[in-house]
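Per-entry structural report
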Amino acid sequence: MDRTRLQSEWKTQQALLSLQTHALDGEISLQAAKTLDIPSDQPFWLSQNWDAYIGGRPMMWDNEEHPQSDAIRQFLDSRPEQIAEIRQLHERLDNFPDFERWLEQNELDYRGDKAEASLEKADRMQEHAIAQKDIAMMRSNRAMQALGRSYG
């Protein structure tokens, strides 16, 4: 039972990190759309272009180079603090440990005397992750409201 509960916490941590990452990707994508007046029929999403962006390749849309690829790259490059935050989240997500390594890194154990303390610690970790997710979602929602539109 304790293993199952800790596995659930591990999956939740990973899902919340993914949500936080994509929320910040969405925030800057929507800022780019507004600033560059990207047409709704040619949407740009950083999450779909992250590897291209960090690899110095053109931004893509509909399996071809986005018509505003250069302008989008300049826009992203002009926001180093946001990009650094997003880069850190992508790296954490890409390197998210498997369950056993996560237990080890967080000094958690589902066996014996450590089980109850581990569950309490995992609950506190989840509360922190949820608070971070809420902050990311508020930022993303503000950007979407400022645009007055969203891409679908």
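For the structure itself, consult the block above.
Residues numbered from 1 in each chain as written. Predicted model: local features only at pLDDT ≥ 70, side-chain atom pairs only at ≥ 80, totals over all residues. Heavy atoms only, no water.

Looking at the overall build of the protein chain
Test applied: Helix and strand definitions here come from DSSP, where helices need a minimum of 4 consecutive H or I residues and strands a minimum of 2 consecutive E residues; each element is numbered from the N-terminal end. The globule rule used for comparison is 2.2 Å times the number of residues to the exponent 0.38, while the radius of gyration itself is calculated over C-alpha atoms. Exposure categories follow from relative accessible area, calculated using a 1.4 Å probe and restricted to protein chains: below 20% of the type maximum is buried, above 50% is exposed, and the middle band is partly exposed. The contact criterion used is simple: two residues touch if any of their non-hydrogen atoms lie within 4.5 Å. Each accessible area is a Shrake-Rupley result for a 1.4 Å probe, and residues are judged covered by the shown protein chains and nothing else.
When helices and strands are tallied, the protein chain shows six helices and two strands. Tracing the protein chain from N to C terminus, the helices and strands come up as α-α-β-β-α-α-α-α. Radius of gyration (C-alpha) of the protein chain: 19 Å, far over the 15 Å computed for a compact globule of 152 residues. C-alpha extents for the protein chain along the principal axes are approximately 60 × 30 × 25 Å. Out of the 152 residues belonging to the protein chain, those deemed buried represent 41%. Contacts spanning at least 24 positions in sequence make up 67% of the contacts within the protein chain whose residues lie at least 6 apart. Per element, the accessible surface of the protein chain, about 9,000 Å² overall, is 45% carbon and sulfur.

Let's talk about unusual backbone geometry
Although it is not a glycine, Asp37 sits at a positive phi angle of roughly 50°. With respect to the helices and strands, Asp37 occurs in the loop between α1 (2-36) and α2 (46-54).

As for helix α3 (residues 69-77)
Heads up, the rule is: Within this analysis, the arc is defined by the directions that extend from the helix axis to the C-beta atoms.
Buried residues of α3: Ser69, Ile72, Arg73, Phe75 and Leu76, and no others. For α3, the arc enclosing every buried residue in end-on projection is 160°, short of the 170-degree limit, so these residues lie on one face. More than 90 degrees from the buried face of α3, the exposed residues found are Asp70 and Gln74. Those residues of α3 hidden inside the fold are in contact with α1, α2, β2 (64-65) and α4 (80-94).

Remember that the coordinates give geometry; whether it matters functionally is a separate question.
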